[in-house]
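Here's the letter readout for the chains.
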Amino acid sequence: MSFSSLGLSKALLRAIDEKGYTTPFPIQTKAIPVILSGKDVIAAAQTGTGKTAGFALPLLQRLAQGPRVKSNHIRALVLAPTRELADQVGESLATYGKHLPLTFGVAYGGVKINPQMMQLRGGLDILVATPGRLLDLFRQGAVKFGQVETLILDEADRMLGMGFIEDIKNVMNLLPSKRQNLLFSATFSPEIRSLTKYLFRNPVVIEVNPRSSAAKGVKQWAIEVDKSRKPALLRYLLQKNSWEQVLVFTRTRKGANRLVQQLAGDGISSEAIHGDKSQENRNRVLADFKAKKIRILVATGIASRGLDINELAAVINFDLPQVAEDYIHSIGRTGRAGAKGVAISLVSADEVKLLSAIEALLGQTLIREVEKGFIPKHSVPLTRLAKARPKKTKTPTQKPAGSTVRAKAKTSPKNKKRYKRNDRRNQKS
Ligand code: AMP
């Protein structure tokens, strides 16, 4: 399968070629022809699958054929949950659309609204925006929706998780009813289904990965450890492994700052990226990380979405995320675009419920290990799924020093049945 067989124009094929893509990813093969045909699409695709090009390429092609955009109007609207994702989608549009006479803009909160109002004056073919700032711009008369032909909800599950549902519904009510709707989401929660049920017309459903599965090529496991020993374990892992670059996730902004300080105390330099930092600072840190000037980036879950960082060697969940879906997003930063990566979660006994929720979402137990020298006083209880598969534990002394000990669950035929039942339940939930 080649990009040219998907019905894309010469201008787009040239940009794809210049970007160095040779073969379309599965989401692109499936989504591009359907979107070109003008149908509504609901796609279950996590970051890292190539979903951005999956909607950006056909969107650009359709817009290139249409009428000129009027002042303060837009012809396509991409709603995104975070500033980083909005910026990345904007960059992708500019890359793929560089040989087309189309205009793009990005708008999000936390920065001055005036420049965003200015860029909308002449109209934009595509506006990428976070929901709150978009509504601000609308209320101030800076953006008009009468010409909107296409609406794209990117990382819809995340937007709902961040409480944007009312904003999204308000925006949708303001748009012309005759339009194309596209929705991309890592998971299909009941909320997503109900949103699309009323607002999409006979959508084509595209699923590239098994529901809620993690990206391929990512080796993932959990290390049991006492909460107080997590910083020391992290330092040990960072020193033991020669990962080129590591992304570490903490649950809170304070936790991220604290960890950066603790690592600095051990002579390990790192930077934090989260919502308390200024946009300028976030952009700089992200650019430095991408340029490999920073080896260790500590981020909160919100920053995890859409960070377009390729072939990251390792992602470490210092804390387990509060929302199970975020686990898939956080580990989605590694093993992208077919590359190999490791995703390690440091799990303390108090996090067993979060671990349970993640396993239920994945439909599988996470392999558990303990590190020599960090054997927890409070071991992590068995999760619901692990109880269905009896755990066989080894002690670290059976392995050479410094190595990890796998305690992978074995499944008896009887338990296999129970496990399957659990699996089915997870499919339904
Ligand atoms: P996304 O899921 O849209 O965030 O894309 C993940 C990464 O894959 C991005 O860095 C893209 O530049 C890259 N990518 C997207 N499509 C292709 C392709 N067909 N071939 C190679 N890389 C791609």
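Residues numbered from 1 in each chain as written. Predicted model: local features only at pLDDT ≥ 70, side-chain atom pairs only at ≥ 80, totals over all residues. Heavy atoms only, no water.

Whenever I open this one, the nonpolar core confuses me. Can you help?
What tends to happen in soluble globular proteins is that the nonpolar side chains get buried as a cluster. Leu8, Phe55, Leu57, Leu60, Leu93, Ile126 and Phe184 are the most contacted members of the largest nonpolar core, which totals 39 residues. With seven residues, the single largest contributor to this core is helix 3 (residues 51-64). (Core = buried A, V, L, I, M, F, W, Y, C linked by side-chain atoms within 4.5 Å. Buried < 20%, exposed > 50% of the residue type's maximum accessible area, 1.4 Å probe, protein only. Helix = DSSP H or I, 4+ residues; strand = E, 2+ residues; numbered from the N terminus.)

Help me out: how do you make sense of the site of the ligand in this one?
The ligand sits among 16 residues. The nearest are Tyr21, Gln28, Gly48, Gly50 and Thr52. Thr23 places a main-chain nitrogen or oxygen 2.8 Å from a nitrogen atom of the ligand. Here the ligand has 500 Å² of accessible area as a free molecule, and 88% of this is covered by the chains. The class makeup of the residues in the shell around the ligand is four nonpolar, eight polar and four charged. (Near = heavy atom within 4 Å. Polar contact = N/O pair within 3.5 Å; in protein donor to acceptor, adjacent residues only side chain to side chain. Areas by Shrake-Rupley, 256 points an atom, 1.4 Å probe, with all protein chains shown as cover. Nonpolar A, V, L, I, M, F, W, Y, C, P; charged D, E, K, R; others polar.)

Just checking my understanding: could you explain the environment of Val171 for this structure?
Looking at the element boundaries, Val171 is found in helix 8 (residues 165-174). We classify Val171 as buried; its relative accessible area is 0%. Sequence separation between Val171 and Leu151 is 20 residues, and the spatial gap between their C-alpha atoms is 9.9 Å.

Explain the sheet that holds strand 7 (residues 204-207) here, please?
Two strands in a sheet stick together by hydrogen bonds in their backbones, pointing the same way (parallel) or opposite ways (antiparallel). Across the sheet, seven strands lie side by side as 3-4-2-5-6-1-7; this open sheet has parallel pairing. Two strands bound the open sheet, and with one partner strand each, they are strand 3 (104-107) and strand 7. Looking at each pair of strands side by side, their axes are set apart by 15° on average, direction ignored. Pairing of strand 2 (residues 74-79) with strand 4 (residues 124-129), which is carried by five bridges, proceeds in the parallel orientation. Looking at the pairing, Val78 lines up with Val128 of strand 4. (Pairing = 2+ DSSP bridges. Axes fitted to C-alpha atoms, helices over the stretch in contact; angles between N-to-C directions.)

For this particular structure, what's the right way to read the pairing of strand 3?
Strand residues, when the strand is regular, have side chains that alternate between the two faces of the sheet. Of the two faces of strand 3, only the one carrying Gly105 and Ala107 is buried; Phe104 and Val106 on the other face are not. Bridge analysis of strand 3 against strand 4 gives four bridges, and the strand direction is parallel. Each residue of the ladder has a partner; that of Phe104, found in strand 4, is Ile126. Traced from strand 3 through helix 5 (residues 114-121) to strand 4, the parallel crossover comes out right-handed. (Right-handed = clockwise from strand over helix to strand, strands pointing away.)

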